[in-house]
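The chain contents come next:
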Amino acid sequence: MPDLTDHMPDTSFLEKSMDLLKNAHRVHSFVLDCEGNPLSLGNNGYGQLSSARFFPFEYREPIGGLLCTADDEKILDAAEPHIRVCMEGVNTLLQRELEIQQMSSEILDISEYINFLFQLEQKLLGIRKLYDFCALLVSEVSGKIGADKALMSVRDSGDDTISIYRNLSSGEAAGIMMQEPFSLALNKKDTVLSTLKDGTSVLVSPVVVKEGGIGCIAFLRSPEKRFFTAYEKKLVGIMNHSISSTVETLRLYDNLKQLYLNTVKSLAAAIDAKDPHTHGHSYRVARYSMAIAKELGYAEELIADIEISAYMHDLGKIGVSGALLRKPEKLTEEEYEEIKKHPYFTGKILEPMRLPDFIVNTAVQHHERIDGKGYPYGLSGESIIPSARIVAVADVFDALTSDRPYRPGMPVEKALDILCRGIGTQFDRTMVGALLTALQKGERVKELEDIYPSLNLTDAALFDRFLGEWFTEPAE
Ligand SMILES: [Fe+2]
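Residues numbered from 1 in each chain as written. Predicted model: local features only at pLDDT ≥ 70, side-chain atom pairs only at ≥ 80, totals over all residues.

Looking at an unreviewed UniProt entry, the chain carries the name HD-GYP domain-containing protein, with the source organism given as Candidatus Nitrobium versatile.

### Here's the deal with the sheet that holds strand β3 (residues 65-70)
Ordered by their spatial adjacency, 3 strands build an open sheet running β1-β3-β2, and the pairing between neighbours is antiparallel. The sheet is open, and its two borders are formed by β1 (28-32) and β2 (51-56), each paired with just one other strand. The sheet shows a mean angle of 20 degrees between the axes of neighbouring strands, taken without regard to direction. Relative to β3, β1 runs antiparallel, the two sharing 5 bridges. Residue pairing across strands places H28 opposite T69, the latter belonging to β3. Contacts from helix α3 (residues 73-125) reach β2 and β3, with the element oriented near 155 degrees to β3. (Pairing = 2+ DSSP bridges. Helix = DSSP H or I, 4+ residues; strand = E, 2+ residues; numbered from the N terminus. Axes fitted to C-alpha atoms, helices over the stretch in contact; angles between N-to-C directions. Contact = placed C-beta atoms within 7 Å.)

### Some words on the sheet that holds strand β7 (residues 201-209)
Strand order in this open sheet of 5 strands is β5-β4-β8-β7-β6, and the pairing throughout is antiparallel. Edge positions in the sheet fall to β5 (161-166) and β6 (192-195), since each has one partner strand and no second. Shown here is a sheet whose adjacent strand axes are inclined to one another by a mean of 15 degrees, direction ignored. With respect to the sheet, helix α6 (residues 180-188) is in contact with β6, β7 and β8 (212-221), its orientation differing from that of β7 by roughly 35 degrees.

### Describing the environment of T200
One can find T200 in the loop between β6 and β7. Sequence-wise, T200 and M8 are 192 residues apart; in three dimensions their C-alpha atoms are separated by 41 Å. Ignoring any residue separated from it by four or fewer positions in sequence, one finds T200 in contact with T195, L220, R221, S222 and P223.

### Observations regarding helix α9 (residues 300-312)
The end-to-end C-alpha separation of α9 is 19 Å, in line with the 18 Å expected for 13 residues at 1.5 Å each. Along α9, the residues that are buried comprise I306, E307, I308, S309, A310, Y311 and M312. (Expected span 1.5 Å × (residues − 1). Buried ≥ 20, exposed ≤ 12 C-beta atoms within 10 Å, placed from the backbone.)

### Some thoughts on the packing of helix α8 (residues 281-295) against helix α16 (residues 429-441)
One can describe the packing of α8 onto α16 by two numbers: an axis separation of 8 Å at closest approach and a directional angle of 100 degrees. By the angle between their axes, α8 is roughly perpendicular relative to α16. Only M431, A434, L435, T437 and A438 of α16 make contact with α8, whose side of the interface consists of Y288, A291, I292 and E295. Looking at the contact of α8 with α16 residue by residue, the class counts come to 7 nonpolar, 1 polar and 1 charged. (Parallel < 35°, antiparallel > 145°, perpendicular 65-115°, else oblique. Nonpolar A, V, L, I, M, F, W, Y, C, P; charged D, E, K, R; others polar.)

### Concerning the packing of α3 against helix α7 (residues 230-274)
Axis separation between α3 and α7 bottoms out at 11 Å; the angle between their running directions is 30 degrees. Looking at the two axes, α3 sits roughly parallel to α7. Crossing handedness for the pair α3 and α7: right-handed. Counted together, D109, Y113, L117 and L124 of α3 and Y231, L235, I238, M239, S242 and T246 of α7 form the full contact between these two elements. Split by residue class, the contact of α3 with α7 holds 7 nonpolar, 2 polar and 1 charged. (Left-handed = near helix turned anticlockwise from the far one by under 90°.)

### Topic: the domain arrangement of the chain
Taken domain by domain, the chain consists of domain 1 (4-98), domain 2 (126-252) and domain 3 (275-471). Each of domain 1 and domain 2 was reduced to a C-alpha centroid, and the two centroids are 54 Å apart. (Domains from an automatic or database assignment.)

### Section: the UniProt feature "domain: HD" (unreviewed entry) in the chain
Under the present numbering, the feature "domain: HD" (unreviewed entry) in UniProt falls on residues 278-400. End C-alpha atoms of residues 278-400 are separated by 11 Å, and the span's content is 59% helix alongside 0% strand. (UniProt positions renumbered as here; feature names shortened; annotations may be inferred.)

### Observations concerning the pairing of β6
Where β6 lies against β7, 4 bridges are found, and the strand directions are antiparallel. Each residue of the ladder has a partner; that of V192, found in β7, is V204. Two successive antiparallel strands, β6 and β7, enclose a turn made up of 5 residues, where G199 displays a positive phi of approximately 90 degrees.

### A word on helix α13 (residues 357-364)
In terms of burial, α13 is a largely internal element, 6 of the 8 residues being buried. Taken together, the buried positions of α13 are I359, V360, N361, T362, A363 and V364. Looking at the buried residues of α13, the elements they touch are α9, α12 (342-350) and α14 (386-401).

Right, dumping it as structure tokens:
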């Protein structure tokens, strides 16, 4: 049963007081637990029980009290002021104990929050995309504070809005964000703990970067549950304060990436412009390459790198004479040797840019062949980086299906026939197969949606035919 000793580690004050009551006031006293059982504390013996008074200890739950006995009521009357002084002392000690307990539990909460924030930071460190960052943040913090619903809405560097909704539809989220706590948080530039019109408890934090408020993050708890506490508000506030700089960095990073990609695209367009007949070639090769990589299940980051490589694959043509590139007649052997240098030049141009090897090698190796008869290095089979084998297929498919001065763009069927016949010599079987399955899906593949309609395609069933003919294992 709960008693005083559970909550007061040092009982010497009480024991001295009990001695004093006995020796100076002839009052025997006993400490009782919450059910009235005596403890051995003070060791006073039971004495006379003819006159007795009970003084409860003041605590948040019943923990018993002090039972004082004497030979008669007069003795107790005379001693009562002294007993009350003694009880006041004990109750003050109990209050202090309560405060210490409260503080310890708060310190524990805070240290748990600090630990959570540290773990969260570790998880967020490796993230490079603003969307992924927001999604992880919303999910982790919701779990920690027991939010039923959550949302985050921030503007990215291109002024597009990134929205993360947890257990909320976009319509519900829009309605919630119109409510007062949101405008209040944005105005105060601080975390707000409040309730929505339907009694939902809400914690809203504005996301503020150098240029000002760019959105908010909010956590909601159903009306039938307890409200968020001041501690949960503190946690969200600290978390929000510490993410602002990362959000800023990710937005800048996105911006730089966009700038970088635009520069690459302009460079590619400049190369394409050297030869008016290859207009848009780099763009289309990038699209086909991305579609193939996606079909093969490549990670988004790798697909983004392949896109850059594909845009830059012919960068080395800047070192080849424009007259030669535009020549409609068949090239002499010497001229062809000159053209063959362009992937090597691509490597030389990219070298000082300190780009990842993956991007450079993909671009440099796009004319290598599986049988080793390609250029510039004559690599073969597995020694050609897979992404270069992808760009090789995309490059030839676009070259065949686009109009050239000496011939119109080939029908898709003819181009696929050439690609399939080149499997194992010029092309990698897997990459050709992936192009076929991507083309079969057509405009449903996001990467192909704007180039697919311009293909000379008369029979959509031809992909099935090619897949059946070239990619089905013969029955035993
Ligand atoms: Fe090329």
